[in-house]
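# Chain and residue survey
Listed here are the chains, written in short residue letters.
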2 protein chains.
Amino acid sequence: MAQPGGSKPKRKVVDIHTHMYPAEYISILSSRTEIPLVRTFPSPSSPDPDPRLILLEAELPALEKALQDPSAPVPGRPLTKHFTSLPQKLHFMTTHGIDISVLSLANPWLDFLPASEAGAIAERINTAFEEMCSSSSNRAFFFFAALPLTAPLETIVSCITHVSQCLPHCRGVILGTSGLGSGLDDPALLPILRSLADHNLPVFLHPHYGLPSAVYGPRAAEEYGHVLPLALGFPMETTIAVARMYLAGVFDAVPELRMILAHSGGTLPFLAGRIESCVLHDERLAKEAEKKKTTASRRRRRSVWEVLRSQVYLDAVVYSEVGLKTAVEASGGGREGAERLMFGTDHPFFPPVGDEADSQGEWESVRLNAEAVKRALGEGSEEAELVMGGNAIRVLRLFE
Amino acid sequence: MAQPGGSKPKRKVVDIHTHMYPAEYISILSSRTEIPLVRTFPSPSSPDPDPRLILLEAELPALEKALQDPSAPVPGRPLTKHFTSLPQKLHFMTTHGIDISVLSLANPWLDFLPASEAGAIAERINTAFEEMCSSSSNRAFFFFAALPLTAPLETIVSCITHVSQCLPHCRGVILGTSGLGSGLDDPALLPILRSLADHNLPVFLHPHYGLPSAVYGPRAAEEYGHVLPLALGFPMETTIAVARMYLAGVFDAVPELRMILAHSGGTLPFLAGRIESCVLHDERLAKEAEKKKTTASRRRRRSVWEVLRSQVYLDAVVYSEVGLKTAVEASGGGREGAERLMFGTDHPFFPPVGDEADSQGEWESVRLNAEAVKRALGEGSEEAELVMGGNAIRVLRLFE
């Protein structure tokens, strides 16, 4: 595919951070009375409004207010066709020059389902994603599968086998930070992580739970919109989850595990040095490391940096040149670092404000991330092209 | 002061992040039964041990365990003379080539004092710092004062006047994130921040409260030492506090306010882009901004970046080249960015492990931060020298 003027062929642009809700998922949310849920809030001034998607616990005060007072601001975000329609996704991709999207179910995935239903629902949701991908004739779509983490272990493991062997467009799984309910440092999760590694399925780690609302203080819910839970709670949640995995030795226990961290690692690239120093300077950890030396386990501790540069990839959803440079540097710097980053949009979240219901034009949120890559790595550079698509094609085997 | 060989004169090295506990403060901690406290834990194997300093709520489970079971690991950290002795501070400075230290009371400052006592204690503690500084004949010490934030407003404001007018070595104040009890975005704090700005006293913002322990999961307290609260809780707390100030419009309300953020801003340099994007894309904030346009307040919103580059300074306590580069870039990049960073050690925290009680040699934690400056800005470069001391001399008027 040559560009006008005989310049070099355009490399594929791949969006690895882009979400969809299949119809069945919306039905489930619409039947719920607790967050996450979908609900309409008719008012005298707007008798037939769009349904609203309310996902975050931080949105509970706004939800309660809206249920009591029809004149209160509606909570959550509008459930537009950007969340549900594949033609809309394709339109968005065309608008932004994206050739391939690696779709994933948006948060909170299947984490809230009753154990008895989760396995069957997971199978249907993952099949719905496979059907979206195979409906496109030009290999525009792949997907990360969702796991039924509330189901018994054997159900989860059999889901992994199923998506790996029976759904040819599956290229990994998307996971939240709760694991089986007590985090990704839970030893009970190891068989699942091992199974994912055995099937060569990377984990796309994505936040959802944020931090307890109290940390934002008494004025946040009324005055700061969604900013603090989304801008800070999300990346901090991701960082805590990965640091817990690191401290629990999960990366050593499953050396073939590959993680792709949403939002450029939350804030891990900036805090890796501090984590590393705190480990080095912790009296108790040092004593335990000393004890271990006298036992069978003599393996040298791998630094946070080493793990970042061997088992971790970062998406490029960080909205600034400063952030993107940091992510590249933390991943090894230069070409080596650039090989660990992958462009994403976070579509359909962060639509242009004031235009949520339609949003057919260019999205500022996408532009910020694409600009960050250009500015940090140089427009048209080999490194920029790797981040925009080459890495995803290689790491996720999109042409196999 | 010329160096051997006639090379250019050595620039002063200034440590702006270095703590002390005056004797009275240790007496207060020793009389307490709740965290923060100082306590000894005698055991059959160690009948006359060093007292332990227990500062963090996250240390409560370990404290309770140690009180019940004399064979359990002792909580907190050893209260060495590094926390209390000025000759020891001078020895530490000599070891690490530090010419000037800007001392500050360590966390949790005076935040826990009864309202009726806080004012008088603050006066005595700040006077103790002034005496330490004036006891040195070679201008080796300045200090950030502590404020009696639990006292009535007029007591706090009169403390500010006092430290500014009567304590000639005072160069700012150190503040935690709790303010008057509900955060630094509390409108009731504005008179205090205005008074500080009027007296040309920068605020050194330092974390203490971290995040609720639950976010670290069920295994952290037993297995990960202090790592998660210190490595992640501290910088996340700082970031949330500053983001709340930004969203509340504190920087606009007090345009002469200058903040120095501990630990290179927590993680603000990395997350500034995401905060900025979340503000841009928030439906509710956009509507409110639209409403305001029709009223008197027509001022354009200043971006997070603009605030970082005009009212914020960062210390250089980030333990990595990656982190330091990010802090410089977020502060404007190049010379402009380098002018906003100031070297610090966080002494007497993070002593060499296994050697806490003595620690007379070089500290790895200090080396990590000094190396980060050299690597990020170039050894001997003008920018590195600014970060190592020139900026502190200029911003804190250390030669006036």
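For the structure itself, look to the data block above.
Structure report, in brief.

Parameters at a glance
Residues numbered from 1 in each chain as written. Chains lettered and ligands numbered in written order. Predicted model: local features only at pLDDT ≥ 70, side-chain atom pairs only at ≥ 80, totals over all residues. Heavy atoms only, no water. Helix = DSSP H or I, 4+ residues; strand = E, 2+ residues; numbered from the N terminus. Rg over C-alpha atoms; globule rule 2.2 N^0.38 Å. Buried < 20%, exposed > 50% of the residue type's maximum accessible area, 1.4 Å probe, protein only. Least-squares fit on C-alpha atoms with pLDDT ≥ 70 in both. Phe/Tyr/Trp six-rings, centres within 6.5 Å; stacked < 30°, edge-to-face > 60°. Lys NZ or Arg CZ within 6 Å of the ring centre and 35° of its normal. Expected span 1.5 Å × (residues − 1). Arc of directions from axis to C-beta. Contact = heavy atoms within 4.5 Å.

## Side note on the overall build of chain A
- Across its full length, chain A carries 16 helices and 11 strands.
- In terms of overall size, chain A behaves like a compact globule, its C-alpha atoms giving a radius of gyration of 21 Å where 400 residues would be expected to give roughly 21 Å.
- Summarising its shape, the C-alpha atoms of chain A cover approximately 75 × 60 × 45 Å along the three principal directions.
- Counting all 400 residues of chain A, 60% fall into the buried class.

## Some points on the relation of the copies chain A and chain B
- The operation relating chain A to chain B is a screw motion whose rotation component is 180 degrees, with 0.0 Å of axial translation and a residual RMSD of 0.0 Å. When the rotation and shift are considered jointly, the pair of chain copies conforms to a two-fold rotation axis.

## A word on the packing of aromatic side chains
All names here are of chain A.
- Here the structure, examined in full by the defined rule, presents 16 aromatic pairs over all chains.
- Seen from their ring centres, Tyr21 and Tyr25 are 5.0 Å apart, and the 5 degrees between their planes marks the pair as stacked.
- The exposure class of Tyr21 is buried, given its relative accessible area of 0%.
- Of the residues examined, Tyr25 reaches a relative accessible area of 1% and is grouped as buried.
- With a centroid separation of 5.2 Å and 75 degrees between ring planes, the pair formed by Phe92 and Trp363 is classed as edge-to-face. Residue Phe92 is found in helix 3 (residues 86–95), and its partner Trp363 is found in the loop between strand 11 (341–342) and helix 15 (364–377); the two are separated by 271 residues along the sequence. There is no split in this pair, since Phe92 and Trp363 are both buried.
- Through a chain of ring-to-ring contacts, three or more aromatic side chains come together here, namely Tyr21, Tyr25, Phe83, Phe112 and Phe349.
- Over the face of the ring belonging to Tyr313 we find Arg340, whose NZ or CZ atom lies 4.5 Å from the ring centre.

## Observations regarding helix 5 (residues 153–166) of chain B
Residue and element names in this part refer to chain B.
- With 14 residues, helix 5 extends 20 Å between its outermost C-alpha atoms, agreeing within 8% with the 20 Å of an ideal straight helix rising 1.5 Å per residue.
- Those residues of helix 5 that sit buried are Ile156, Cys159, Ile160 and Val163. Seen along its axis, helix 5 keeps its buried residues to an arc of 100 degrees; they face one direction. Exposed side chains of helix 5 directed beyond 90 degrees from the buried face belong to Glu154 and Gln165.
- Where the residues of helix 5 are buried, they touch helix 4 (115–135), strand 6 (141–146), strand 7 (170–175) and helix 6 (190–198).

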